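Listed below are the residues making up each chain.
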Amino acid sequence: MQIPLDLARTLAVVIDEGSLDAAARRLHLTPSAVSQRVKSLEQQLGRVLLVRSKPARPTDAGASVVRLARQLALLEHDTLTAFGLGHGDDAEAGARPVSIPLAVNADSLGTWFLPALARVAQQHPVVFDLHRDDQDFTAGLLESGTVMGAVTSQSTPVAGCLVRPLGVMRYQAVATPEFAERWGLTSTSPAGFDAAPLVDFDRRDDLQRDHLAALGVDPDLPPRHYVPASNDFAVAVKLGLGWGMLPGFQSDDELARGELVRVGGGPIDVPLHWQQWNLRSPLLELIADELAAEAKQSLRAPESG
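Keep in mind that what you see is a predicted model, and the values were worked out from it rather than measured.

1. Regarding the nonpolar core
The nonpolar side chains of soluble globular proteins are, as a tendency, buried together.
Turning to step 1, where the next piece is worked out: By size, the foremost hydrophobic cluster in this structure holds 52 residues, and its most contacted members are I100, W112, F113, W243, W274 and I287.
Turning to step 2, where the next piece is worked out: Top element by residues in this core is helix α13 (residues 282-298). It accounts for seven residues.
Turning to step 3, where the next piece is worked out: With near-sequence residues (within four places) excluded, W274 lies in contact with L102, F113, G149, A150, V151, L162, V163, R164, L166, I287, A288 and L291.
Turning to step 4, where the next piece is worked out: Listed in part, the 19 residues of the second largest apolar core include A8, A12, V34 and L50.

2. Overview of α13
Turning to step 1, where the next piece is worked out: With 17 residues, α13 should cover 24 Å at 1.5 Å per step; its first-to-last C-alpha distance of 24 Å lies within 8% of that length.
Turning to step 2, where the next piece is worked out: Inspection of α13 places L283, L284, L286, I287, A288, E290, L291, E294 and A295 among the buried residues, and these make up the whole buried set.
Turning to step 3, where the next piece is worked out: Looking at the buried residues of α13, the elements they touch are α4 (60-82), β3 (98-104), α7 (113-123), β4 (126-132), β6 (161-175) and β11 (268-277).

3. Brief notes about the side chain of E290
Turning to step 1, where the next piece is worked out: Relative to the helices and strands, E290 resides in helix α13.
Turning to step 2, where the next piece is worked out: Overall, the relative accessible area of 15% leaves E290 in the buried class.
Turning to step 3, where the next piece is worked out: Not counting the four nearest positions on each side in its chain, E290 is found in contact with A116, R119, V120 and Q123.

4. Here's the deal with unusual backbone geometry
Turning to step 1, where the next piece is worked out: A cis geometry characterises the amide bond from K54 onward to P55, with omega recorded as 0 degrees.
Turning to step 2, where the next piece is worked out: Relative to the elements of secondary structure, P55 occurs in the loop between β1 (50-51) and β2 (57-58).

5. Section: the packing of α7 against α13
Turning to step 1, where the next piece is worked out: Their axes nearest at 8 Å, the elements α7 and α13 cross at an angle of 140 degrees. Here α13 runs oblique to α7, going by the angle between their axes. Crossing handedness for the pair α7 and α13: right-handed. Here F113, P115, A116, L117, R119, V120 and Q123 of α7 come into contact with α13, specifically with L283, L286, I287, E290, L291 and E294.

6. Some thoughts on the packing of helix α1 (residues 5-17) against helix α2 (residues 20-27)
Turning to step 1, where the next piece is worked out: Packing of α1 against α2 brings their axes to within 8 Å, and their N-to-C directions diverge by 120 degrees. By the criterion of interaxial angle, the relationship of α1 to α2 is oblique. By crossing handedness, the relation of α1 to α2 is classed as right-handed. Across from T10, V13, V14, D16 and E17 in α1, the residues of α2 making contact are L20, A22, A23, R26 and L27.
Turning to step 2, where the next piece is worked out: Here the residues of the contact of α1 with α2 sort into six nonpolar, one polar and three charged.

7. A short note on the pattern of salt bridges
Turning to step 1, where the next piece is worked out: Considering all chains together, one arrives at 14 salt bridges under this definition.
Turning to step 2, where the next piece is worked out: Measuring nitrogen to oxygen at the nearest pair gives 2.7 Å for the salt bridge that ties D200 to R224. One end of the pair, D200, is in strand β7 (residues 198-200); the other, R224, is in strand β8 (residues 224-226), with 24 residues separating them in the sequence.
Turning to step 3, where the next piece is worked out: R224 sits in the partly exposed class, given a relative accessible area of 21%.
Turning to step 4, where the next piece is worked out: In the salt-bridge network here, residues are joined through shared partners; they are K238, E254, R257 and E259.

8. Here's the deal with the packing of aromatic side chains
Turning to step 1, where the next piece is worked out: Counted by the stated rule, this structure contains three aromatic pairs.
Turning to step 2, where the next piece is worked out: Ring geometry for W112 against F113: centres 5.8 Å apart, planes inclined by 75 degrees, an arrangement best described as edge-to-face. Like F113, W112 is buried.
Turning to step 3, where the next piece is worked out: When the ring of F179 is compared with that of W183, the centres are 6.2 Å apart and the planes differ by 40 degrees; the resulting orientation is tilted. In this pair, F179 and W183 both sit in helix α9 (residues 177-183), four residues apart, roughly one turn of the helix.
Turning to step 4, where the next piece is worked out: Of the residues examined, W183 reaches a relative accessible area of 27% and is grouped as partly exposed.
Turning to step 5, where the next piece is worked out: It is R204 that lies over the ring of F137; its NZ or CZ is 3.9 Å from the centre.

9. Comments concerning α2
Turning to step 1, where the next piece is worked out: Regarding α2, the residues found buried are A22, A23 and A24.
Turning to step 2, where the next piece is worked out: Considering only its buried residues, α2 is in contact with α1 and α3 (31-45).

10. Let's talk about the side chain of Q71
Turning to step 1, where the next piece is worked out: Considering the arrangement of structural elements, one finds Q71 in helix α4.
Turning to step 2, where the next piece is worked out: Under the relative-accessibility criterion, Q71 is labelled buried at 18%.
Turning to step 3, where the next piece is worked out: If we skip the residues at most four places from it in the chain, Q71 touches W277 and L279.

Definitions and limits used
Starting from 1, residues in each chain are numbered consecutively following that chain's sequence as written. Totals for whole chains, interfaces and linings use every residue, but because this is a predicted model, local features are given only for residues with pLDDT of at least 70 and side-chain atom pairs only at 80 or more, for both listing and counting. Processing note: side-chain calculations cover all non-hydrogen atoms of the structure and skip hydrogens and water entirely. Put simply, buried Ala, Val, Leu, Ile, Met, Phe, Trp, Tyr and Cys residues joined by side-chain atoms within 4.5 Å make one nonpolar core. For the exposure calls, accessible area comes from a 1.4 Å probe over protein chains only, and a residue counts as buried if that area is under 20% of its type's maximum, exposed if over 50%, partly exposed in between. Here a strand is any run of E in DSSP of at least two residues, a helix any run of H or I of at least four, and the numbering for each starts at the N terminus. Two residues qualify as a contact provided that any one of their heavy atoms is within 4.5 Å of a heavy atom in the partner residue. Here the expected length of a helix is defined as 1.5 Å per residue gap, with one fewer gap than residues. Fitting a line to C-alpha atoms yields each axis, with helices limited to the stretch in contact; the angle taken between N-to-C directions then spans 0 to 180 degrees. Angle categories are assigned with fixed cut-offs, so that under 35 degrees is roughly parallel, over 145 is roughly antiparallel, 65 to 115 is roughly perpendicular, and the rest are oblique. Here a crossing is taken to be left-handed if its near helix is turned anticlockwise relative to the far helix by less than a right angle, and right-handed if that turn runs clockwise. In this classification, the charged set is Asp, Glu, Lys and Arg, the nonpolar set is Ala, Val, Leu, Ile, Met, Phe, Trp, Tyr, Cys and Pro, and all remaining amino acids, among them Gly, are polar. When a carboxyl oxygen of Asp or Glu is within 4 Å of a side-chain nitrogen of Lys or Arg, the pair counts as a salt bridge. Only centres within 6.5 Å qualify two rings of Phe, Tyr or Trp (six-membered ring in Trp) as a pair; their planes then separate them into stacked at under 30 degrees, edge-to-face at over 60, and tilted for everything else. Think of it as a cone above the ring: NZ of Lys or CZ of Arg counts as a charge over the ring if it is within 6 Å of the ring centre and within 35 degrees of the ring normal.

As structure tokens, this is what we get:
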């Protein structure tokens, strides 16, 4: 049995665009024609591949087909690049850039991650489809075939993937001096943390919980603000809504000026790794190299041994 590659690409476009109608616009077909292509692929493979929800999503079998289609698109790009095609005048003439889906945690996305991608985009006709998730969960997007690469806290390679260390993002519990004084928070004592409001990124953000647990405070006691954007999270802490764990990118200057103070003990170090599909792809390797170079400048070096 062979998988019709044109039909596999159609399924991938439906997943990328989120609906049959949107896929039809991108492919310059009618929604009915797109639907017939997907049904034909399902009939040939004897599997349901698409959940027709909003947005459309693949079944487990469909995710495997989408992964195949994305791998083929990547390898096609690499081949055209090797032929000297797909750049310059060829790209400007209407060749569609290859889409590279990547997963990244919010703090990396808001600080060091994007400059590396900008350098790649200057060299290749490529667009990035970024999926933001907690670093403890981005590896799951690799396992499902949703993304080709991910910044993750997981050092064990996902099946079919390569891994390399990037560095360590160090978080420190901080608050405004006024907030710390109001709630009796100091840099050495757990006093006050059971009642002082804190800022969580979302309900999967464990950094503040881990800090409280290290202090011997029940993590479920304090009231919480939820601010699900990296920059806005930092702004919320700097405005005195609550205390929170911030990386040095977002707190060093304010600490130096006395606009923030450290509260509640030592830092939490989060090791970050880059995982990507195990493909001999010059484009994926370039992305990995640029990310590693940027991380080397921006993150703490991983501890040896």
